[in-house]
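Residue-level listing of the chains:
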Amino acid sequence: MKKLSKLLFTFLVFGYAFLYIPLVFIVVSAFSDSEIPGIWTHFSLKWFKIVFEDKSFLKSALSSIEIAILSASGSVLLGMMAASATSSVENYMFRNSLRKLVIIPLVLPEIVIGFSLLLLFIAMEKMFGFPKRGMLTVMIGHVMLSITYVYRNIKSYIISVDRSISDAAQDLGARSIPIFLHIKVPIFLKPAVSGWLLAFTLSLDDLVVASFLTGPGSTTLPLLIFSNIKIGITPAINAFATLFMGLVAVCVICGFFKSRKRRDR
Amino acid sequence: MDKKIKIFALLLVGCIFITYWNKNNKDPENVVYVYGWYGIIPRHVIDEFEKTTGIEVVYDIYDNNDTLEAKLLTANSGYDVVFPSFIPYAVKQLAMGAYCAFDLKLLPNLKNVCGIVTEKFELNGGNLNYLIPLFWGTVGIVYEKSAVEQALPGEKIDSYEVLFNPSKLKKLFQFGVSFPEEYVDIFPQLNAYMGNKSKMSISDVIKYCQFLSRVRPYITKFSSTTVIADLLSGNVCIAIGTSDNSWRAIRRARTIGKEIVYVVPRGAGVLWVDCVGIPLGSPNFENAHKFINFLLRPEIAAEITNHSGVLINVPEATELFREDITSNDQVCPTDPGVLSDLHLGQASINAEGLEFERKATKAWSRYKMKAFNEVEGG
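Residues numbered from 1 in each chain as written. Chains lettered and ligands numbered in written order. Predicted model: local features only at pLDDT ≥ 70, side-chain atom pairs only at ≥ 80, totals over all residues. Heavy atoms only, no water.

**Concerning unusual backbone geometry**
Applied cut-off: Helix numbering and strand numbering both begin at the N terminus, where a helix is a DSSP run of H or I of at least 4 residues and a strand a DSSP run of E of at least 2.
With an omega of 5°, the peptide bond running from I87 of chain B to P88 of chain B counts as cis. Relative to the helices and strands, P88 of chain B resides in helix 4 (residues 86–95).

**Quick look at the nonpolar core**
The following threshold applies: The term nonpolar core refers to a set of buried residues drawn from Ala, Val, Leu, Ile, Met, Phe, Trp, Tyr and Cys, joined through side-chain atoms within 4.5 Å. Relative accessibility decides the category of a residue: with a 1.4 Å probe and only protein chains considered, values under 20% of the type maximum give buried, values over 50% give exposed, and everything between is partly exposed. All domain edges in this entry derive from an automatic or database-based domain assignment.
If you look at the biggest cluster of nonpolar residues, it comprises 139 residues, and the most contacted ones within it are F83 and L163 of chain B. No other element matches strand 4 (residues 131–144) of chain B, which puts 9 residues into this core. Mapped onto the domain boundaries, this core takes at least three residues apiece from domain 1 (30–137 + 271–332) and domain 2 (138–270 + 346–374) of chain B. Core analysis: the second largest hydrophobic core is formed by 18 residues, A83, V150, Y151 and A199 of chain A among them.

**Structural notes on helix 4 of chain B**
Residue and element names in this part refer to chain B. Note the cut-off: Note on contacts: a residue pair qualifies if any of its non-hydrogen atoms lie within 4.5 Å across the two residues.
Counting buried positions along helix 4 gives 9 out of 10 residues, so the element sits mostly inside the fold. By the burial criterion, the buried members of helix 4 are F86, I87, P88, Y89, A90, V91, K92, Q93 and L94. Contacts from the buried residues of helix 4 go to helix 3 (65–72), helix 5 (116–123), strand 4, strand 9 (270–277) and helix 17 (351–368). G97 lies just past helix 4 and shows a positive phi near 75°.

**Here we look at the interface of chain B and chain A**
Our working definition: Two parts lose some accessible area (1.4 Å probe) when they are put together, and adding that loss for both gives the buried area. By convention in these notes, a salt bridge is any Lys or Arg side-chain nitrogen within 4 Å of a carboxyl oxygen on Asp or Glu.
Across the contact, 39 residues belong to chain B and 39 residues belong to chain A. For the chain B and chain A pair, buried surface summed over both sides reaches about 3,500 Å², with 61% attributable to carbon and sulfur atoms. For the chain B face of the interface with chain A, the top three residues by lost area are Y38, D63 and R252 of chain B, together amounting to 20%. Run the count over chain B and chain A and you get 0 salt bridges. For the side of chain B that touches chain A, the secondary structure elements donating two or more residues are helix 1 (2–25), strand 1 (31–36), helix 2 (43–53), strand 2 (56–61), helix 3, helix 11 (227–233) and helix 12 (243–255) of chain B.

**Some points on the domain arrangement of chain B**
It is common to report an interface's size as the accessible area lost on association of the parts. All names here are of chain B. Let me state the cut-off plainly: A 3.5 Å cut-off defines polar contacts: any pair of N or O atoms within that distance qualifies, except that in protein one atom must be a possible hydrogen donor and the other a possible acceptor, and neighbouring residues in sequence count only when both atoms are side-chain atoms. Think of it as three bins: nonpolar holds Ala, Val, Leu, Ile, Met, Phe, Trp, Tyr, Cys and Pro, charged holds Asp, Glu, Lys and Arg, and polar takes everything else, Gly as well.
Domain boundaries assigned for chain B yield domain 1 (30–137 + 271–332) and domain 2 (138–270 + 346–374). Here the C-alpha centroids of domain 1 and domain 2 sit 27 Å apart. Across the contact, 21 residues belong to domain 1 and 22 residues belong to domain 2. In total, about 1,800 Å² of surface goes out of reach between domain 1 and domain 2, with carbon and sulfur atoms giving 59% of it. Across the salt bridge formed by E357 and K92, the nearest N and O atoms sit 3.2 Å from each other. Our count for the contact surface shared by domain 1 and domain 2 stands at 5 residue pairs in polar contact (both at pLDDT 80 or more). Counting residues per element, the ones that place at least two in the side of domain 1 that touches domain 2 are helix 4, strand 9, helix 14 (298–308) and helix 15 (323–326). Here the side of domain 1 that touches domain 2 gets 6 residues from one element, more than from any other, and that element is helix 4. Looking at the side of domain 1 that touches domain 2 residue by residue, the class counts come to 10 nonpolar, 8 polar and 3 charged.

**Regarding the environment of D274 of chain B**
All names here are of chain B. Along the chain, the position of D274 falls in strand 9. Given a relative accessible area of 6%, D274 falls into the buried group. At 3.2 Å, the side chain of D274 and the side chain of W37 are in polar contact. In terms of polar contacts, D274 uses its side chain to reach the side chain of S85, at 2.8 Å.

**With respect to helix 14 of chain B**
The periodicity of an α-helix, 3.6 residues per turn, causes residues three or four places apart in sequence to face the same way. All names here are of chain B. Of all 11 residues that make up helix 14, 8 are buried, and the element is covered over most of its length. Buried within helix 14 we find P298, I300, A301, A302, I304, T305, N306 and S308. On the buried face of helix 14, the contacting elements are helix 2, strand 4, helix 12, helix 13 (285–295), strand 10 (311–312) and helix 15. Downstream of helix 14 by a residue or two, G309 has a phi angle that is positive, lying close to 85°.

**A closer look at the pattern of salt bridges**
If the charged atoms of two oppositely charged side chains come close together, the side chains can form a pair. Residues and elements named next belong to chain B. All chains considered together, the criterion is met by 18 salt bridges over all chains. The closest approach of N and O atoms between D230 and K221, which form a salt bridge, is 2.9 Å. On the accessibility criterion, D230 (4% relative accessible area) is buried. Each member of the salt-bridge network shares a partner with another, and the members are E69, K92 and E357.

**Concerning the side chain of N287 of chain B**
All names here are of chain B. On the secondary structure map, N287 appears in helix 13. Residue class for N287 comes out buried when judged on its relative accessible area of 8%. Residues in contact with N287, not counting those within four places in the same chain, are E29, N30, V31, V32 and I55.

**Description of the pairing of strand 2 of chain B**
Residues and elements named next belong to chain B. Applied cut-off: Think of it this way: DSSP has to see at least two bridges between two strands before they count as a pair. By convention a crossover is right-handed if, when the strands point away from the viewer, the path from the first strand over the helix to the second runs clockwise.
Strand 2 sits mainly inside the fold: 5 of its 6 residues count as buried. As paired elements, strand 1 and strand 2 share 6 bridges and run parallel to each other. By the bridge assignment for strand 2, V31 is matched with E56. In this region the chain leaves strand 1, passes through helix 2 and returns to the parallel neighbour strand 2; the handedness of that crossover is right-handed.

**Observations concerning the side chain of D244 of chain B**
The topology assignment puts D244 of chain B in helix 12. Setting aside residues no more than four positions away along its own chain, D244 of chain B makes contact with W272, S308, G309 and V310 of chain B.

**Topic: the packing of aromatic side chains**
Definition in use: To pair, rings of Phe, Tyr and Trp, with the six-membered ring standing in for Trp, must have centres within 6.5 Å; the planes then decide the type, stacked if under 30 degrees apart, edge-to-face if over 60, and tilted in the middle.
Scanning all chains against the criterion turns up 27 aromatic pairs over all chains. Note on F57 of chain A and F240 of chain A: the rings are 5.2 Å apart at their centroids and 25° apart in plane angle, and the pair reads as stacked. One end of the pair, F57 of chain A, is in helix 3 (residues 55–88); the other, F240 of chain A, is in helix 11 (residues 236–264), with 183 residues separating them in the sequence. Assigned by exposure class, F57 of chain A and F240 of chain A land together as buried. Centroid distance Y183 of chain B to F187 of chain B: 6.1 Å. Interplanar angle 45°. Geometry classified as tilted. A relative accessible area of 11% means that Y183 of chain B is categorised as buried. Joined through ring pairs, the aromatic side chains of F179, Y183, F187, Y208, F222, F356, W364 and Y367 of chain B make up one cluster.

Here you go:
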């Protein structure tokens, strides 16, 4: 490896310090006995005990993850369809305006998305009795939130792939569904996975849309944490965040070793 | 590649399957959907309810009254028990018909709810057939003793003068001053402080904003939710806060060797009340009554107060409160004279009241943005 110059090394240190100092702070105060986050008294694991005893943390974390998995999958599915459809439209003007229309939710503030969906769902519930507000409505909101990102991801990949492959299949007599399944899906798999992960994170993060669309039994983790503020945040939140970070770190390390193994082969 | 897609698809189907299996596994008959604040009702009380009745409690939380109101006013919110703040929210929702009438036969413990708070509730548009004034507390001044003593040596803090007088607030400025975020948490105090006995009108509100314009430069923060954290971390030294928040701050401050004091200024003390009610369209009407009735049992009521510091409007429970609540007469006022002096804000139920609410909200947000000359418009 080439040695880093001093300047670049300082950049590196600053960049990573900026990213990681707050996280270190969170982890350290999770192990403090004090009732106030950020004040160190002495070492204790009591906040972890509280997290495990308080079922509401675990429950809302599980429903958050459930919503995130399903909404990410939904937005990948829809994003993939949209991307493959818009890229095969021949008319330039039409194709361009379709693309612009998919991007619009990206610039809409989340609060507008949340509120307009709430109004829509209320109207729908009055007319058809469906959907009842709950996990499903939050999921729909999150699909709407993240579909643009997935779409962008897949679309930019399509452009770089030679269209002649699917044209060749068409010449050889394949119908549109086999083309989609056997040619487009394998091509899209890579951007779809990265889009899925992005959508998963977005959904896990979201507070605004969820606060409008939740119904009975679907309090998500960000909502729980935010509601905590009213009675004063305790380091239980830090402990929970530490557990979460630990989980993510384990996944990343596993992924790292797996990819290194593959490369070594 | 094909194999990976298959694995991915299998995982997805698995997720969906597990979700639905989870949903269908629940007994839909025996649930009660509760929508409340976080941390007021302790977990062990809910566990005990589940154990004694066999009814599962699905407890969801909201972080402010507006979220709750948005859900309530759409009808069919899907919740069985909600805890709205009385003024200005529940009183308005009641007038709009958002609540079911209680079946009083199912609420034998309702007789435990009495006293001055209940009287004030009924005098101000409350109706015990639809809502029960369950939680209450006061609003006052909460401050960190050492910082305030350093800034204003020898000052006795027992009146809002310390916050409304620019020359005094200027000295506290360096240690941080927090004012409430919403107008409902400031104007009732101000109205009482100014000695106005009659109903507040919009011209009063504008007058008050002008009156406060000289202290605006010394307010470092507008927040109602982060008062505890701000006081404990030293971000602010004085704030307007509720009694339950202050009690928690006092208790926590002790663990780090700080002293926080809460006072209700005599004559300008404000009472807040949170109710419990059953929204229209509640899917488990009977279970909702069982849950509310359970909360009204004196021993359970006392558990709630001891956990969260909010006072519960069940007089029989008072003797079961923990010592550090009963010993603090500011946090837990028991003297009838002091209690009847407390002001309960003002309700806005008719169109005129809603207009007032709208204008007052606007005036306060303009005040926050330091747009004093625009305060009048609107």
